[in-house]
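# Structural overview for review
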Amino acid sequence: MKTRHILHVDMDCFFAAVEQRDRPELRGKPVIVGADPKHGRGVVSTASYEARRFGIRSGIPISEAYARCPHGQFVRGSSRRYTEASEHIMRIFYRYTPLVESISLDEAFLDVTGSERLHGPAVHIAQTIVDTIAREVRLPASVGVAPNKYLAKIASDLEKPRGFVVVDPERVQEFLNPIPIGRMWGVGPGLVKVFQEISIKTIGDLAQLPLEVLVGLVGKRGADLWRLARGLDDRPVSRSDAAKSVGHEITFHEDVSDIQFIKAALLDICEAVCYRLRQHNYRGKVATLKLRFADFSTFTRACQLPAKTHLTEEIFPIILQNLKRMPPLHQPVRLVGISMSHFDDPDGQQLDLWSQPERHDKLEAVSKAIDTVKDRYGDNALRRAAVLYCTSDQHYHYHGVRYRRHPAEKKKEWE
Ligand code: TTP
Ligand code: MG
């Protein structure tokens, strides 16, 4: 597999840094954001690095924080300003890649592998992002640059605040060996204790244990730990803005009983959905058909495809199968809809899952050509011959412009 370039960006003492930014008198001082210490209840949300010297951490009781640092600046906080700062930071990330997975207000993974041609090497992108955040949002951030999410996350945390740690893909084990096991994903204080009892303190110590011993010690999780101890992690950065499904539906101006007409309308919708999938570079694994009858009774039928696709020619036959599995059309149809989902199924774009891979390849090329025309002249510029059936004079006269997409239903395209 090609080496990926993943960034993990995590803001330093985020809430406290926003307070220090907005109230200069707090700069350089121990700032504790959280509950009111006078009332003695509640916890610390976060503390500036000056306050951390007194042992103050997120989650400890505010009364304890006050006892440790009575001269600290205790601040209640403002979620609006934190959200604003967070949104600004996220917008900066999107300038460099669409593959942004935000984990919380102040933390995100970015896959910049595909951005390097445009924006330069990952390390350069990371530096630019940190500089841009400092300039535009006026807040400090730490970043880890690594070949996967797990290593990037460890790296960003290693030299906080204002940390900038790059993990060389050739020297992953060297990087991991001295790190305490408590920093590994899924290793809490309980596990740290278990390992300490057998003198395992660092990831390097852990990497010495054979898989069976590790599984014997901690059960099924042992297999994950075995991989993490070697820096192995192939989880993708999953886009936070990713749609779960892409779909489209239309309500006929008059209810329709003509099955040929319904099929032709479905083909048109199918092509609209596929065009949208291709525009956003999504491929779906599950195709769902929805029918609503004149009495408003509504049915859906879903079916898996052999592999993920965004091609009308592969999806439409499945839609027709779904149509056969619907209750008999005893009454006219009011609404039809199609959606595609399961974009994240890990079959990649495996060609061998299609019975005719050459045909799949050819269809990809044809669709690309069609899309070029649509991009330029609008998505009505090219339509399939079968769809013309819908727009023939007879139907036009009978149903008017009935199956043109209803503006009010546009919002349903993204569910
Ligand atoms: P973190 O990134 O965990 O912490 P941080 O940014 O304050 O400090 P660090 O430099 O170590 O990254 O969390 C981000 C924000 O989320 C933090 O500023 C406050 C809030 N938060 C809570 O409100 N409660 C909590 O228990 C934690 C951990 C965070
Ligand atoms: Mg943080």
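Fair warning: this is a prediction, and the values are worked out from it, not measured in the lab. (Residues numbered from 1 in each chain as written. Chains lettered and ligands numbered in written order. Predicted model: local features only at pLDDT ≥ 70, side-chain atom pairs only at ≥ 80, totals over all residues. Heavy atoms only, no water.)

### Focus on the site of ligand 1
Neighbouring ligand 1 are 13 residues; Cys13, Thr46, Tyr49, Arg52 and Asp106 lie closest to it. In the environment of ligand 1, an oxygen atom lies 2.9 Å from a nitrogen or oxygen atom belonging to the side chain of Asp10. Separating an oxygen atom of ligand 1 from a side-chain N or O atom of Arg52 is a distance of 2.8 Å. Coverage of ligand 1 by the protein chains reaches 66% of its 560 Å² of free accessible surface. Elements with a minimum of two residues in the shell around ligand 1: β1 (6-11), α1 (14-22), β3 (44-47) and α2 (49-52). (Near = heavy atom within 4 Å. Polar contact = N/O pair within 3.5 Å; in protein donor to acceptor, adjacent residues only side chain to side chain. Areas by Shrake-Rupley, 256 points an atom, 1.4 Å probe, with all protein chains shown as cover. Helix = DSSP H or I, 4+ residues; strand = E, 2+ residues; numbered from the N terminus.)

### Focus: helix α4 (residues 79-94)
With 16 residues, α4 extends 23 Å between its outermost C-alpha atoms, agreeing within 8% with the 22 Å of an ideal straight helix rising 1.5 Å per residue. Turning to α4, its buried residues number three or more, namely Arg81, Tyr82, Ala85, Ser86, His88, Ile89, Met90, Ile92 and Phe93. Residues of α4 that are buried make contact with β1, α1, β2 (31-34), β5 (100-104), β6 (107-111) and α6 (122-137). (Expected span 1.5 Å × (residues − 1). Buried < 20%, exposed > 50% of the residue type's maximum accessible area, 1.4 Å probe, protein only. Contact = heavy atoms within 4.5 Å.)

### Section: the coordination of the magnesium ion (ligand 2)
Every protein donor of the magnesium ion (ligand 2) is accounted for by Asp10 (OD), Met11 (O) and Asp106 (OD), and the metal-donor separations fall at 2.0 to 2.2 Å. One way to put it: the 6 donor atoms around the magnesium ion (ligand 2) meet at angles of 80 to 176°, and that makes the site octahedral. In primary sequence terms, the donor set of the magnesium ion (ligand 2) follows D-M-x94-D. Judged by relative accessible area, Asp10 falls into the buried class, the value being 12%. Of the residues examined, Met11 reaches a relative accessible area of 2% and is grouped as buried. (Donors = N, O, S within 2.8 Å, 3.2 Å for Na, K, Ca; no water. Tetrahedral: all angles 85-135°; square planar, octahedral: opposite > 155°, others 65-115°.)

### Focus: the confidence of the model for the chain
Scored by pLDDT, the chain has a mean of 87; 88% of the residues are at 70 or more. In the model, residues 388-415 has pLDDT below 50 throughout and makes 61 contacts with residues more than four positions away in sequence or in other chains. (pLDDT = per-residue confidence, 0-100.)

### Points about unusual backbone geometry
The linkage connecting Lys160 with the following residue, Pro161, adopts the cis geometry, with an omega of -10°. In this fold, Pro161 is placed in the loop between α7 (149-158) and β8 (164-166). At Arg138, a position not held by glycine, the phi torsion is positive, near 55°. Residue position: Arg138 is located in the loop between α6 and β7 (141-146).

### Quick word on the nonpolar core
Among the nonpolar cores identified, the biggest contains 34 residues, and Leu7, Phe14, Phe93, Leu110, Ile129, Ile133 and Leu139 are the most heavily contacted of them. When residues of this core are traced back to their parent elements, those giving at least two are β1, α1, β2, α4, β6, α6 and β7. At 7 residues, the largest contribution of residues to this core is made by α6. Excluding anything up to four places from it in sequence, Ile133 contacts Val9, Met11, Ile89, Ile92, Phe93, Arg138, Leu139 and Ala141. (Core = buried A, V, L, I, M, F, W, Y, C linked by side-chain atoms within 4.5 Å.)

### Points about the sheet that holds strand β9 (residues 245-256)
Here we have 4 strands laid out as an open sheet, ordered β9-β12-β10-β11, and antiparallel in their pairing. The sheet is open, and its two borders are formed by β9 and β11 (298-309), each paired with just one other strand. The average angle at which neighbouring strand axes cross in this sheet is 15°, direction not considered. The pairing of strand β10 (residues 284-293) with strand β12 (residues 333-341) spans 8 bridges and is classified as antiparallel. Bridged to Leu291 within β12 is Val336. (Pairing = 2+ DSSP bridges. Axes fitted to C-alpha atoms, helices over the stretch in contact; angles between N-to-C directions.)

### Describing the pairing of β9
Counting buried positions along β9 yields 9 of 12 residues, so the element is predominantly enclosed. In this sheet, β12 lies alongside β9 in antiparallel orientation, the contact comprising 8 bridges. Along β12, the bridge assignment pairs Val256 with Val333.

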